[in-house]
Amino acid sequence: MTATATPQIPILDLKPEIDELRPEIMAAIGRVLDRTDFIMGEDVHLFEQEVAAYLGVKHAIGVNSGTDALVIALRALGISPGDEVITTPFTFFATAESISMVGAKPIFVDIDPATFNLNPELIEAAITERTRAIMPVHLYGNPVDMTRVMEIANQHGLKVVEDCAQSFGARWREQQTGTIGDFGAYSFFPSKNLGAYGDGGLLATNDDALADAAQMLRVHGSRKKYHNEVVGYNSRLDTIQAAILRVKLPHIERWNTQRREVARQYNEGLKTIDGIVIPKLTEGHVFHQYTIRVQNGRRDELQQRLAKQGIGTMIYYPIPQDELPIYRGQYRLFEESKLTSKAVLSLPITVKKDDINRIISSLENFSVQI
Ligand SMILES: *Cc1c(COP(=O)(O)O)cnc(C)c1O
């Protein structure tokens, strides 16, 4: 008997995109080698201009990572020990970590299970006299209700740093995420919607003084070489990464549209399956992740079953931040985050039609076997 090997469907495969753009990318890297302007070279400046134009923002500032973008944003805003920053417990560690890194305290508010994002209606109750800022995260590429967040921030005199690591190209009511608050912080980690081939990050702001502060902080706290004014960072966007990002930026709208289309097809195929809750295809959502909720405590079982069939999935995130050992015991329970962390499962999102159908069939079979 001949067994045909079932092709594996990984959670993410960067190869097709690399194959599509390889000649252009190799040429772009070659031009950097010819110029040897590896640090803050021509491509960094051009990328900053091009990405600012794309986002519709006055200043774009390339940095070394999304994490550094968050830290530098908080530092530029003067957030320091004793201050509190309100954010979500249901996120990647870098969000809360950046707040802790500047010596401030993350104050978590629970999420809205329908959006996976922090519930804006819970923010006001968490505000104290120490609160200085709100850090909403557009999780999975789904924009937070920024109208409500800005309303609360303005009422209480708070700064807003948008964590856009997962939402490059996402829009809240026609406006790009990351251009509504004081700062938007983006990541170009290879798996993000706009990914470099190494680490990279970006800050966006419409405020000249904040842009100046961030530009100073990324080069050791100096405006003029050797005239260091504050303790800063060595956190520049690498020229080779900027050159790669310049090749990729013109494709981001198409790629994000494809992600939305895959999400639409999943939703169509999965909407009638018992025990699975599908995500809303909200306006402006760019589906960094397509994440379902598996009911009745059967998430891990489903994940294992799919793995046996060669279908890769991931759990973003299995532990809410307030339950991590470094924060545990400092907070009350955030029930929705806790329940969500035990139910979420992200399916492959950069996949072809045949693979989508195969994944949908696997989920249908799983449901039948309840
Ligand atoms: C990836 C990510 C970050 C950190 O970005 P890096 O470039 O890896 O430092 C921050 N916040 C969220 C929500 C992320 O997903």
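This one's a predicted model, so the numbers in the text were calculated from it and none came from an experiment.

Undergrad: Account for the pairing of strand β1 (residues 59-63), with residues named and values stated.
TA: Buried residues dominate β1, accounting for five of its five residues. Residues of β1 alternate between two faces, with H59, I61 and V63 on one and A60 and G62 on the opposite face, all of them buried. Sheet analysis places β1 next to strand β9 (residues 201-205), joined by five bridges and oriented antiparallel. Bridging across to β9, A60 finds its partner in A204.

Undergrad: Break down the nonpolar core for me, citing the residues and quoting the values.
TA: Counting 33 residues, the largest nonpolar core has Y266, L270, Y290, I292, L347 and L363 as the members making the most contacts within it. When contributions to this core are tallied by element, the ones reaching two or more residues are α9 (252-270), β11 (290-294), α10 (299-308), β12 (344-347) and α12 (353-368). For this core, the element with the highest residue contribution is α12, accounting for five residues. Structurally, this core is a two-domain feature, drawing no fewer than three residues from each of domain 1 (15-250) and domain 2 (251-368). Residues within four places of L347 in sequence aside, it is in contact with I11, Y266, L270, Y290, I292, L306, T313, I359 and L363. In terms of nonpolar packing, the next biggest core, distinct from the first, is built from 29 residues, Y186, F188, L202 and V247 among them.

Undergrad: Now, about the site of the ligand: what can you tell me, with residues and values included?
TA: Neighbouring residues of the ligand: 16 residues in total, closest G66, T67, D163, S187 and K192. In the model, an oxygen atom of the ligand is placed 2.8 Å from a nitrogen or oxygen of the G66 main chain. Measuring from an oxygen atom of the ligand, one finds a side-chain N or O atom of T67 at 2.5 Å. Protein chains shield 93% of the accessible area of the ligand, which is 380 Å² for the free molecule. Elements that contribute at least two residues to the shell around the ligand include exactly α3 (66-76) and α4 (93-101). Looking at the shell around the ligand residue by residue, the class counts come to six nonpolar, eight polar and two charged.

Calculation rules
- Residues numbered from 1 in each chain as written.
- Predicted model: local features only at pLDDT ≥ 70, side-chain atom pairs only at ≥ 80, totals over all residues.
- Heavy atoms only, no water.
- Buried < 20%, exposed > 50% of the residue type's maximum accessible area, 1.4 Å probe, protein only.
- Helix = DSSP H or I, 4+ residues; strand = E, 2+ residues; numbered from the N terminus.
- Pairing = 2+ DSSP bridges.
- Core = buried A, V, L, I, M, F, W, Y, C linked by side-chain atoms within 4.5 Å.
- Domains from an automatic or database assignment.
- Contact = heavy atoms within 4.5 Å.
- Near = heavy atom within 4 Å.
- Polar contact = N/O pair within 3.5 Å; in protein donor to acceptor, adjacent residues only side chain to side chain.
- Areas by Shrake-Rupley, 256 points an atom, 1.4 Å probe, with all protein chains shown as cover.
- Nonpolar A, V, L, I, M, F, W, Y, C, P; charged D, E, K, R; others polar.

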